[in-house]
Amino acid sequence: PANPAPLGWRGLRMDRQMSQGRETSRGRDTLKHMKISADFTVVPDDFAKAAAPEYRVDGAPAISFPFYIDEVDSEAQYLHWAFTDPDSIPVCGFEWIHWTVANLPIDALMFDFNDSHALAVPPDFSRQMPAMIPEAVQGRNSSASHFVGRGDNPALIMRYNGPQPPDKDHDYCLHVWATKQPLPGLNQGFWMNELFHRLRETPETPDQAVMYVTGRA
């Protein structure tokens, strides 16, 4: 089916992993004051290696997982994030890029009904974003690398690719930034280093937070 909704993620609710200001079982966030959380610490099957065929594009898990963003700087207007796999470095020699987003207007997100302070990024947001929020942009992931050779399908190389660790469980990093102004010069299909350059060049100090989740092998 076209754009199927992943099943069962709401039933996986547990204590959220709050990333800011204290050490957790998954890691420590020593950044500013934004918080990121999720209803899981292990990425559920619908969004990862065990995803059903209808939830994949060219073999890669294509349904992005839901998460929450809380206590964002009240003056911030835009969100940007990178979801990467540092544990891929011993496997392939570089940190695998799974999903990058820039210039997402905060006003485009819904508040979580269970927490009036948290912005909710819904499941399958990566595939829905181009139609719902065309001003937001998604960057290239590592499937776009010529070293990987997975083609040029935008639905694969410029969207979420879920965790598929080949050797053992990996810990994946979601880093979110919030800015008052959009980051200039980022178009659909930007590379992650371009996002980092624009964040360094902005005259403001972005609000930011980091969360780690586990992908099962």
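Residues numbered from 1 in each chain as written. Predicted model: local features only at pLDDT ≥ 70, side-chain atom pairs only at ≥ 80, totals over all residues. Heavy atoms only, no water.

Undergrad: Provide a residue-level description of the pattern of salt bridges, including the pertinent values.
TA: Overall, the coordinates contain 5 salt bridges when judged by the stated rule. K180 is the salt-bridge partner of E75, the closest N and O atoms lying 2.8 Å from each other. In this pair, E75 sits in the loop between β4 (67-70) and β5 (78-85) while K180 sits in the loop between β10 (170-179) and α4 (192-201), placing the two residues 105 residues apart along the sequence. Judged by relative accessible area, which is 33%, K180 ranks as partly exposed. Note that R216 and D169 form a salt bridge whose closest N and O atoms lie 2.5 Å from each other. Remark: D169 occurs in the loop between α3 (154-157) and β10 and R216 occurs in the segment after β11 (207-215); sequence separation between them is 47 residues. (Salt bridge = Lys/Arg side-chain N within 4 Å of Asp/Glu carboxyl O. Helix = DSSP H or I, 4+ residues; strand = E, 2+ residues; numbered from the N terminus. Buried < 20%, exposed > 50% of the residue type's maximum accessible area, 1.4 Å probe, protein only.)

Undergrad: Would you mind going over the pairing of β10 in detail, with residue names and values included?
TA: Among the 10 residues of β10, 9 are classified as buried, and the element is accordingly described as predominantly covered. Inspection of the sheet shows β5 paired to β10 by 7 bridges, in the antiparallel sense. Bridging from a neighbouring strand, Y78 pairs with T179 of β10. By the bridge criterion, 9 bridges tie β10 to β11 in an arrangement that is antiparallel. Residue pairing across strands places V176 opposite A209, the latter belonging to β11. (Pairing = 2+ DSSP bridges.)

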